[in-house]
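Notes for the structure review
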Amino acid sequence: MKLFKDCQRIVLPLLLLVVVSACASKPPVVPAPETRPEYPPTVETPVPPVVGPEPVQGPTPSERPRVALALGGAGVASFATVGILKRLFEEGIVVDYIVTTGWPTLFALGYGFLKSVHDLEWFAMRLNEKDFFKSGIFDRSEPNSQEKLSALIENTFKQHDLSESSTPVFISAANTGGDSVLYEKGDWRDPFFKTMSVPGIFRPYPKDGANEWISSLQGINVDQAVQKGAPVVVAVQMYEDYFDSVRKGGEANDRAFRQLYLNQMKKSLRDETKRATIVVDIQLNKSPSDFAARRNAILAGYKEGAKIARALRKVQ
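Residues numbered from 1 in each chain as written. Predicted model: local features only at pLDDT ≥ 70, side-chain atom pairs only at ≥ 80, totals over all residues. Heavy atoms only, no water.

1. Brief notes about the packing of helix α3 (residues 104-113) against helix α4 (residues 117-126)
Spelled out, the test is: Helix axes use the C-alpha atoms of the stretch in contact, all axes being lines fitted to C-alpha atoms, and the angles between their N-to-C directions lie in the range 0 to 180 degrees. Every helix listed is a DSSP run of H or I at least four residues long, and every strand listed is a run of E at least two residues long, numbered separately from the N terminus. Each helix crossing is assigned a hand: it is left-handed if the near helix lies turned anticlockwise from the far helix by less than a right angle, otherwise right-handed if that turn is clockwise. The contact rule is simple, with two residues in contact once any of their heavy atoms fall within 4.5 Å. Polarity classes work like this: nonpolar for Ala, Val, Leu, Ile, Met, Phe, Trp, Tyr, Cys and Pro, charged for Asp, Glu, Lys and Arg, and polar for all others, with Gly in that last group.
Where α3 contacts α4, the axes come no closer than 8 Å and their chain directions differ by 145 degrees. Read as a crossing pair, α3 and α4 show a hand that is right-handed. Across from Leu106, Phe107, Gly110 and Tyr111 in α3, the residues of α4 making contact are Val117, Leu120, Phe123 and Ala124. Taken together, the residues of the contact of α3 with α4 sort by class into seven nonpolar, one polar and no charged.

As structure tokens, then:
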């Protein structure tokens, strides 16, 4: 019995060792690869494009009628020029050229010389009475002094030739005696001084029979705008506040001359604006030398600019 147990202790482990060795040497079972059913390739059906109305094409610069601004003014109401130009720019209205007389000349030059309408507005709001009456242009103590500009204008306008303006500017020196002269190239300073010299506000009224101003002052130059080839001319006159100051000011013995001057000036404006496509009048009911009203003038021009834009779309 003892021998049987000893054999059992020896044989059983040997059998177990043989079985384990046999299992370890058997190769692992690799599962068969999964087979998927084959489908025909997907063919995408092209989607036809949605056909709608073709976009409306606006007129090209060569197709649309050219637009000219004919500007004339004296006094702070002329700051409305800034508002008009700013609003037309925002409305996408292209101004092909500007014919200017009087105070609007300063802002027309700024529109052509400066980088943006925002720079123009910034420049206009910095202007003050000292930039006009104390700069040597309109110095009341030296009425004939026309030798220098204010430092603000000199430092803002770096260009020296009218041809450098991004928008062509033609300065009409119609109110300096003699025939009307239109300046379109060369140094802008000389014609600028000439056109800005308006009697009654920048220079004393001529005395002792010197009445050449009566026959020469024009105020606005629509004729020149038309002659330059623009079928659409917007005439903007900013003289009403100036007229009021001329009518009310002066001495009693000067009133007859003032009335004669006003009659001639207004007749000239009526004759000129007859040829314009659109006519706009700007009046602030302020003194023409009230520089505190310049912001009101710009806003008035901005509102009129919206009306001008609507009117231009109807004729273009």
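2. Here we look at the sheet that holds strand β6 (residues 278-281)
Convention followed: Note on pairing: DSSP must find at least two bridges between two strands before they are called paired.
Spatially, β4-β3-β2-β1-β5-β6 is the arrangement adopted by the six strands of the open sheet, whose pairing is mixed. The two strands at the open ends of the sheet, each matched to only one other strand, are β4 (182-183) and β6. Relative to β6, strand β5 (residues 232-238) is paired through four bridges, and the arrangement is parallel. When the bridges of β6 are listed, Gln237 appears paired with Asp281.

3. Here's the deal with the pairing of strand β3 (residues 169-172)
Cut-off, in case you're wondering: Here's how the labels work: a residue is buried when its accessible area is under 20% of the maximum for its type, exposed when over 50%, partly exposed in between, all with a 1.4 Å probe on protein chains only.
Because side chains alternate across β3, one face comprises the buried residues Val169 and Ile171, and the other comprises Phe170 and Ser172, equally buried. Direction of pairing for strand β2 (residues 97-102) relative to β3: parallel, over a ladder of three bridges. In the strand pairing of β3, Thr100 is matched with Ile171.

4. A closer look at the confidence of the model for the chain
Note the following rule: Scored from 0 to 100, pLDDT reflects the predictor's confidence in each residue.
For the chain, per-residue confidence averages 77 on the pLDDT scale, and 65% of positions sit at 70 or higher. Here residues 135-140 is modelled with pLDDT under 50, and outside its nearest four sequence neighbours on either side it reaches 24 contacts, counting other chains as well. Note on residues 204-210: pLDDT is under 50 here. Beyond four places in sequence and across chains, it has 11 contacts.

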